[in-house]
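# Tertiary structure, described
So the chains spell out like this:
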Amino acid sequence: ATQPLANNYDISTNMQTPERQQELVRNVFEALHSRADGLCNFVEDAKRFGKGVKLIYRHFATLYFAALVDENESELGILDLIHVFVETLDSCFENVCELDLVFNSGKAYAVLDEIIMAGAVIETSSQAVLRRVDEIARAERFGVGIAHAK
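In every chain, residue numbers begin from 1 and rise along the written sequence. Side-chain atom pairs in this predicted model are given and counted only at pLDDT of 80 or more, local residue features only at pLDDT of at least 70, and totals for whole chains, interfaces and linings cover all residues. Note: side-chain values were computed over all heavy atoms of the structure, leaving out hydrogens and water.

### Let's talk about a nonpolar patch on the surface
Patch criteria: residues need more than 30% relative accessible area and no salt bridge. Like-charged residues are merged within 9 Å; nonpolar side chains of Val, Leu, Ile, Met, Phe, Trp and Tyr are merged within 5 Å. Surface exposure here means Shrake-Rupley accessible area, sampled with a 1.4 Å probe, where a residue is shielded only by the protein chains that are shown. What makes a salt bridge here is a side-chain nitrogen of Lys or Arg within 4 Å of a carboxyl oxygen of Asp or Glu, nothing more. On the surface, Leu99, Val102 and Phe103 cluster together to form a nonpolar patch covering roughly 350 Å² of accessible area. Position of Val102 relative to the elements: it lies in helix H5 (residues 98–103). Strands here mean DSSP runs of E at least two residues long; helices mean DSSP runs of H or I at least four residues long; both are numbered from the N terminus.

### Some thoughts on the environment of Glu30
Checked against the element boundaries, Glu30 lands in helix H2 (residues 18–33). Separated by 18 residues in the primary sequence, Glu30 and Arg48 have C-alpha atoms spaced 9.4 Å apart.

### Some remarks on a negative patch on the surface
Taken together, the side chains of Glu44, Asp70, Glu71 and Glu73 make up a negatively charged region of the molecular surface. Type-normalised accessible area, obtained with a 1.4 Å probe on protein chains alone, sets the label of each residue: buried when under 20%, exposed when over 50%, and partly exposed for intermediate values. Given a relative accessible area of 38%, Asp70 falls into the partly exposed group. None of His or the chain ends enter the tally, which takes Lys and Arg as positive and Asp and Glu as negative. All charge positions are set by atom: Lys at NZ, Arg at CZ, Asp at CG, Glu at CD.

### Describing the pattern of salt bridges
Tallied over the full model, the rule gives 5 salt bridges. Two residues, Arg48 and Asp45, come together in a salt bridge whose shortest N-O distance is 4.0 Å. Owing to a relative accessible area of 24%, Asp45 belongs among the partly exposed residues under this scheme. Its salt-bridge partner being Glu135, residue Arg132 comes within 3.2 Å of it at the nearest N-O pair. Of this pair, Arg132 and Glu135 both sit in helix H7 (residues 126–141), 3 residues apart, which is roughly one turn of that helix. Note on Arg132: relative accessible area 19%, which makes it buried. The class of Glu135 is partly exposed, set by a relative accessible area of 24%.

### Quick look at the pairing of strand S3 (residues 63–70)
Strands are labelled as partners when DSSP assigns at least two bridges between them. Pairing of strand S2 (residues 53–60) with S3 involves 8 bridges; the strand directions are antiparallel. Residue pairing across strands places Val53 opposite Asp70, the latter belonging to S3. Where S2 folds back on S3, the antiparallel hairpin that results is connected by 2 residues, among which Ala61 adopts a positive phi of roughly 55°.

### Things to note about the packing of helix H4 (residues 75–93) against helix H6 (residues 105–115)
One can describe the packing of H4 onto H6 by two numbers: an axis separation of 10 Å at closest approach and a directional angle of 140°. Taken as axis vectors, H4 and H6 run oblique relative to one another. For the pair H4 and H6, the sense of crossing is right-handed. Contacts from Leu81, Val84, Phe85, Thr88, Leu89, Cys92 and Phe93 of H4 reach H6 at Lys107, Ala108, Val111, Leu112 and Ile115. Taken together, the residues of the contact of H4 with H6 sort by class into 10 nonpolar, 1 polar and 1 charged. Fitted lines through C-alpha atoms serve as axes, helices being fitted only where they are in contact, and the angles separating the N-to-C directions of these axes extend from 0 to 180 degrees. Oblique is the label for any angle not covered by the other classes, which are roughly parallel (under 35 degrees), roughly antiparallel (over 145) and roughly perpendicular (65 to 115). Crossings are assigned a handedness: left-handed for a near helix turned anticlockwise from the far helix by less than a right angle, right-handed for a clockwise turn. Here a residue-residue contact requires only that any non-hydrogen atoms of the pair lie within 4.5 Å. Any residue that is not Ala, Val, Leu, Ile, Met, Phe, Trp, Tyr, Cys, Pro, Asp, Glu, Lys or Arg is counted as polar, Gly included; the first ten are nonpolar and the last four charged.

Set out below in structure tokens:
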């Protein structure tokens, strides 16, 4: 079964039961799987996602990056956030693919952790994120805790 990389980053989803989370993942897959290429990257479907919730996604090669957000979020801001995430992953993995995410999920999570914290965007510079992820990796190699990796 496909596991969503960023399931832990949507605060409202985390307040849902595990069954509801899986239902949302299935609904996102069904919505994306059935959409033709070239359509808008925003999907509002109250029956699938809930009232006031919209799906915002980007399709890069064989990967889909999707976010469920409330109606107050900026669609273009979320698309930009996805772009920064993918751009940073591309820099980490030289053209990121599914296998990179499967076998290096820790690094992918580290990238996402440097971009988003507690549901808020804290960094939008790919270079700054890469520097921090590299600092953390160096600190881990030398046995230094993350808190001391500055």
